[in-house]
Amino acid sequence: MSAKPSPSLLQDLPPEQVLAWNHRAGDWLVRRQQPGWTSADERALDAWLAEDARHGESLACVDRAWREAAQLRAMFPAAYGPARQAQAPRKAGLPGAGRRSGLRWLQGPVLGSACALALAVLAGYGWHRWDNTVAYAVDVATGPGELRNIALPDGSQVALNANSRLQVRYYPRRRETVLARGEAFFKVAPGAARPFTVASGGHQVRVVGTAFNVRSGPPQFALQVQQGRVEVRSSADAGAAVIAMGPGTALAIDTASGQRRESVIAADAIAEWTSGQIYFKRQPLAQVAAELSRYLDQTVEVEGAALQSLPISGFLALKDPERFLLALPSVAEVRVQRREGGWLIRSR
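Calculation notes
- Residues numbered from 1 in each chain as written.
- Predicted model: local features only at pLDDT ≥ 70, side-chain atom pairs only at ≥ 80, totals over all residues.
- Heavy atoms only, no water.
- Core = buried A, V, L, I, M, F, W, Y, C linked by side-chain atoms within 4.5 Å.
- Buried < 20%, exposed > 50% of the residue type's maximum accessible area, 1.4 Å probe, protein only.
- Helix = DSSP H or I, 4+ residues; strand = E, 2+ residues; numbered from the N terminus.
- Contact = heavy atoms within 4.5 Å.
- Pairing = 2+ DSSP bridges.
- Axes fitted to C-alpha atoms, helices over the stretch in contact; angles between N-to-C directions.
- Phe/Tyr/Trp six-rings, centres within 6.5 Å; stacked < 30°, edge-to-face > 60°.

1. Quick word on the nonpolar core
Okay, step 1: Judged by nonpolar contacts, the single largest core of 30 residues is most densely connected at L285 and I345.
Okay, step 2: Those elements giving two or more residues to this core turn out to be β14 (277-284), α9 (285-296), β15 (299-302), β16 (311-317), α11 (321-327) and β18 (342-347).
Okay, step 3: The element that contributes the greatest number of residues to this core is α9, accounting for 6 residues.
Okay, step 4: Setting aside its immediate chain neighbours within four residues, L285 contacts V302, L307, Q308, S309, L310, I312, L328, V334 and I345.

What follows is the structure in structure tokens.
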């Protein structure tokens with residue numbers, strides 16, 4: 001004679017209540033498989049189980065549904081793969097089994113609609129949890145004159161310019177970075193199954209495998225593509241047109257007006273700063289001063305419209321920008337004065 005199913009404490013509850021408890025049980029179950037589980041978390045789970053005897057049944061339904069669904073175990077190996085199943089009973093078994101909480105294994109067939117709801121919750125919740133689990137994370141910031149090279153686990157490489165901040169998060173199906181400020185050159189390893197995105201200056205750059213430079217900060221967002229192809233879109237406006245760019249192209253978008261300017265650029269001129277120096281070729285003094293402000297992390301102002309347009313040529317060593325600033329009077333009819341909070345460039 002087959003075993004008679006155990007009576008369910010959940011059978012008289014409205015389906016939405018069962019679904020809510022199963023969702024919470026799924027949260028506990030998945031969290032308990034993660035390395036960061038602590039004794040405080042265990043006590044919190046005990047407290048939740050003690051609130052209502054039916055909480056334990058929800059947890060048992062979710063656990064059993066997961067274990068009996070081989071296709072789910074194959075889909076989410078990180079949560080219930082062979083390595084985790086071989087761990088100690090506290091991790092592999094039903095949380096709370098055999099302890100003072102009185103939780104027990106449910107005997108007989110899966111408990112009808114209650115556990116069917118558990119399986120549905122677990123499928124959707126497990127997928128969402130897996131898809132949004134961070135597999136790799138790093139935050140990097142550089143100071144004035146500091147350049148950093150970052151090697152990412154997929155073989156991608158990032159060069160981070162001075163006064164910049166970058167956040168990297170890798171998920172199972174996507175690679176996301178945020179350039180909060182400054183400038184970075186990305187050399188992205190191909191991976192069609194995991195697109196690589198850079199969010200910066202209110203825009204998002206999306207690639208599969210390529211090399212490109214992003215600069216974020218007033219007055220503009222700037223992008224230069226050295227290899228491959230990229231797509232640029234507004235982060236705030238999902239309906240905005242996507243801008244496709246290929247090798248040797250550049251894009252500048254004014255952060256205030258939204259006006260954009262596209263141009264052509266030589267490959268060897270992209271991310272010139274990664275060599276540790278910048279060459280100014282008859283650049284207006286106002287632009288030179290803006291670069292100096294960035295690398296000095298101090299304000300450098302130019303007095304007068306005529307002086308601001310004065311063409312300047314020369315090499316700026318990024319590790320010693322003050323030396324370039326103080327040398328300006330030797331190549332132009334200007335005076336450089338230090339003042340509170342920065343510098344002022346004036347005519348002689």
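2. Some remarks on the sheet that holds β15
Okay, step 1: Spatial strand order, β15-β18-β17: 3 strands in an open sheet with mixed pairing. In this open sheet, the two edge strands, each paired with only one partner strand, are β15 and β17 (334-339). If you compare each strand with its neighbour and ignore which way they point, the axes differ by 20° on average.
Okay, step 2: Two strands pair when backbone bridges link them, and β15 and β18 are joined in this way by 4 bridges, in the parallel orientation. Within β18, the position partnered with E301 by the bridge is L344.
Okay, step 3: Here α9 sits on the sheet in contact with β15, β17 and β18, set at roughly 165° to β15.

3. Re the pairing of strand β2 (residues 148-151)
Okay, step 1: By the bridge criterion, 4 bridges tie β2 to strand β3 (residues 157-160) in an arrangement that is antiparallel. Each bridged residue has a counterpart across the sheet, and for I150 the counterpart in β3 is V158.
Okay, step 2: Turn length for the β2-β3 hairpin, with the two strands adjacent in sequence and antiparallel, is 5 residues, and the turn residue G155 shows positive phi of about 95°.

4. A closer look at unusual backbone geometry
Okay, step 1: Despite not being glycine, N163 has its phi angle at roughly 50°, a positive value.
Okay, step 2: Looking at where N163 falls in the secondary structure, it is placed in the loop between β3 and β4 (165-171).
Okay, step 3: With phi around 60°, D297 is a residue other than glycine that occupies positive phi space.
Okay, step 4: In this fold, D297 is placed in the loop between α9 and β15.
Okay, step 5: Note on D297: relative accessible area 52%, which makes it exposed.

5. With respect to the side chain of S293
Okay, step 1: Mapped onto the elements of the fold, S293 is located in helix α9.
Okay, step 2: S293 sits in the buried class, given a relative accessible area of 19%.
Okay, step 3: In this view, S293 contacts Q298, T299 and V300; residues no more than four positions away in its chain are not counted.

6. Brief notes about the packing of aromatic side chains
Okay, step 1: Across all of its chains, the model carries 6 aromatic pairs by this definition.
Okay, step 2: With centroids separated by 5.2 Å and ring planes inclined at 20°, the aromatic side chains of F186 and F212 adopt a geometry described as stacked. Within this pair, whereas F186 is found in strand β5 (residues 174-187), its partner F212 is found in strand β8 (residues 211-217), the two being separated by 26 residues in sequence.
Okay, step 3: A relative accessible area of 0% places F186 in the buried class.
Okay, step 4: Classification of F212 as buried rests on a relative accessible area of 0%.
Okay, step 5: Connected via pairs of aromatic rings, a cluster forms that spans F186, F196 and F212.

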